[in-house]
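Chain and residue survey
One-letter residues, chain by chain:
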Amino acid sequence: MSVRIIECVPNFSEDATRRSRRHRRRRPYHGGRDVARRQSGQDDFEPLIFTFAGEPERVIEAAVAAAKRGGELIDMRRHSGAHPRFGAMDVCPLVPISGVTMEETVAYARELGRRLGEELGMTIFFYENAATRPERKNLATVRSGEYEGLEAKLAKPEWKPDFGPAKFDAKRGATAVSARDFLVAYNVNFNSTSVKLANSIAFNVREKGKLKRDAKGEVVLDAKGERVFTPGTLKSVKAIGWFIEEYGVAQLSMNLTNVSVTPVHVAFDEVCRQAEQRGLRVTGSEIVGLVPLKSMLDAGVHYLRKQGRSTGVSEAEIVKIAVKSLGLEDLGSFDPQERIIEYVLAKGGPKRLADLSLRAFTEVTASESVAPGGGSVSAACGALGAALATMVANLSIDKWKERYEELDAVAVRGRDAHAELTRLVDADTDAFNLIAEANRMPQGTADEKAAREAAIQEATRAAIRVPLRVMEASVEALELALAMADTGLEASASDAGVGALAARAAVRGAGLNVRINCPGLTDAKEREAFLAQAAALERRAEELESRAIAAVEAKLG
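All residue numbers refer to position in the chain's written sequence, counted from 1. Given that this is a predicted model, residues contribute local features only at a pLDDT of at least 70 and side-chain atom pairs are listed and counted only at 80 or more, while totals for whole chains, interfaces and linings are drawn from all residues. To obtain the side-chain values, all non-hydrogen atoms of the structure were used and water was disregarded.

**Here we look at the sheet that holds strand S8 (residues 184-190)**
Working definition: the strands of a sheet are paired by backbone hydrogen bonds and lie parallel or antiparallel to each other. The test is simple: For two strands to count as paired, DSSP must find a minimum of two bridges between them. A run of H or I in DSSP becomes a helix once it reaches four residues, and a run of E becomes a strand once it reaches two; helices and strands are each numbered from the N terminus. Fitting a line to C-alpha atoms yields each axis, with helices limited to the stretch in contact; the angle taken between N-to-C directions then spans 0 to 180 degrees.
Taken in spatial order, the four strands line up as S11-S12-S8-S13 in an open sheet, and their pairing is antiparallel. Each of the sheet's edge strands pairs with one partner strand only, and the pair in question is strand S11 (237-244) and strand S13 (282-288). Between one strand and the next, the sheet's axes are offset by a mean angle of 20°, whatever the strand orientation. Pairing analysis gives six bridges linking S8 to S13, with the strands arranged antiparallel.

**As for the confidence of the model for the chain**
Selection rule: Predictor confidence is given residue by residue as pLDDT, running from a minimum of 0 to a maximum of 100. Any two residues whose heavy atoms approach within 4.5 Å at even a single point are treated as in contact.
Looking at the chain as a whole, its pLDDT mean stands at 90, while 93% of the residues score no less than 70. Low pLDDT (under 50) marks residues 16-46, which in the prediction has 78 contacts with non-local residues, meaning those over four places away or in another chain.

**Re unusual backbone geometry**
Counted only if it meets this: Relative accessibility decides the category of a residue: with a 1.4 Å probe and only protein chains considered, values under 20% of the type maximum give buried, values over 50% give exposed, and everything between is partly exposed.
Here the residue pair Ala-371 and Pro-372 is connected by a cis peptide bond, since its omega of 5° sits within 30 degrees of zero. Here Pro-372 lies in the loop between helix H11 (358-366) and helix H12 (374-399). Even without being a glycine, Glu-128 presents a positive backbone phi close to 50°. Using a relative accessible area of 30% as the deciding quantity, one classes Glu-128 as partly exposed.

**Overview of helix H13 (residues 404-439)**
Using the following cut-off: Take the residue count of a helix, subtract one, and multiply by 1.5 Å to get its expected span. A residue's bend is given by the angle between axes fitted to the 7 residues ending at it and the 7 residues starting at it.
Counted at 1.5 Å a residue, the expected span for H13 with its 36 residues is 52 Å, and the 52 Å between its end C-alpha atoms agrees. Of all bends in H13, the biggest is about 30°, found at Val-425.

**Describing the pattern of salt bridges**
Quick note on the threshold: Think of a salt bridge as a Lys or Arg side-chain nitrogen and an Asp or Glu carboxyl oxygen that are within 4 Å of each other.
Overall, the coordinates contain 37 salt bridges when judged by the stated rule. Arg-461 serves as the salt-bridge partner of Glu-526, at 2.9 Å between the closest nitrogen and oxygen. Residue Glu-526 is found in helix H16 (residues 524-556), and its partner Arg-461 is found in helix H14 (residues 446-487); the two are separated by 65 residues along the sequence. As far as burial versus exposure is concerned, Glu-526 and Arg-461 are alike and both buried. The closest approach of N and O atoms between Glu-543 and Arg-540, which form a salt bridge, is 3.2 Å. Residue Glu-543 and its partner Arg-540 are located together in helix H16, separated by three residues, close to a single helical turn. Judged by relative accessible area, Glu-543 falls into the partly exposed class, the value being 38%. Linked through salt bridges whose partners overlap, the residues forming this network are Arg-413, Glu-476, Glu-479, Arg-540, Glu-543 and Arg-547.

Laid out in structure tokens, this is it:
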């Protein structure tokens, strides 16, 4: 399962005279596996922008704390600034990062809005995907009139807020809450100092496009007298050219407002194409702030495929290819551990078995501790089996370029299988620990006994489901090992055979774990269903192993 992560990007209205107090606003964001990242707006705009991410429930708690603190520190009656705004916490969008759908993020945004309105007495409007009315979808519409026009606006029935009072709060103003797609601030660098050329590319690629002109060079107007634009080549992109004095180069600065519509690598390739037409060369690019892992993986896979190389390589290798292909270290360093949201969030978490060296894993397995045990070792065996099948597919691609699509598909399946089995190394130990915790629950009263028994039953189900999943993933590894024993590189036939043997051992070992835990289930029907599923997987594994080894033996002679 993916880790459930959402990002929150609250914008606070900040007068230039109050910037010395910025450090006080960081206090609500700390602790746990959540990450706080502060960004300041440019002097021309004056908003103070925070970004923080983590599990949805914790993010909502942090956002409520941030709103409370912002309302205490900021007085809109003393605020001035060029940037559109109508409240102390002006906007507060939530963004799905991983393991959370947009629909779920909308629900979280509305829960956040409810809490801000009911608990803090703030005036709340929903916009974008969280909007409750079509006319409020656009932020500019919701914020029209800004702070100065808010009192009159709230007096109108059609502007009743979604939550909180319709009465004007002179100190805090109002707040707009939304659920939106991830926005990546992305810049592309040129081997030029010409802002004019950079802007000509900006006008060609941005969604808004450039002004349409007639044969005389005059701007074309529509029937209403409005200027007509020729749309650009990239959807959900805003762009402008500028000169970076520090590095002495022109740069195209873009906001990719929906990376599912225009991913980072698509924007980069299009800018390269436009630059070449103008005699420019792209020297690299930079991502401002944090970026989702998916954006980097999509880019890495894209460039690997362009090179005719296997995409079934490790996640770290895919990210490395993305960094190199996009030139993300052209103007400075790009450390994936510091710049990819999921990696930043993983820091400081508990030490996992899968992160240990082979020696350390072997030694902790051999220790007096009851976990890790056979279940974790079975998952590790399955991961190695899948990895060997993946290796043969990757080596085979180098020999048979004409079979690229077929072999790359095998490599990707293998990569996914060994990644899943690696995750299950820890999942099995976690499941064992759940049973131990449930058995330690109090049982002094009838209610306590019932709660303890229910917890034991649920933990037992988890302790069965995990090895069943190990069996399923290891059968997948066996299928791949058989395919590579049959059609993979002959020089690697023994590797495919060892992969099949390791995966078969994983299936049998995990099956033993299913059988030892099943007696703990009180539901006989459920118990028999689990045992039948395990038996079917064992039969399938036995057949696959036999066929794989036969294929290997035939090649070895």
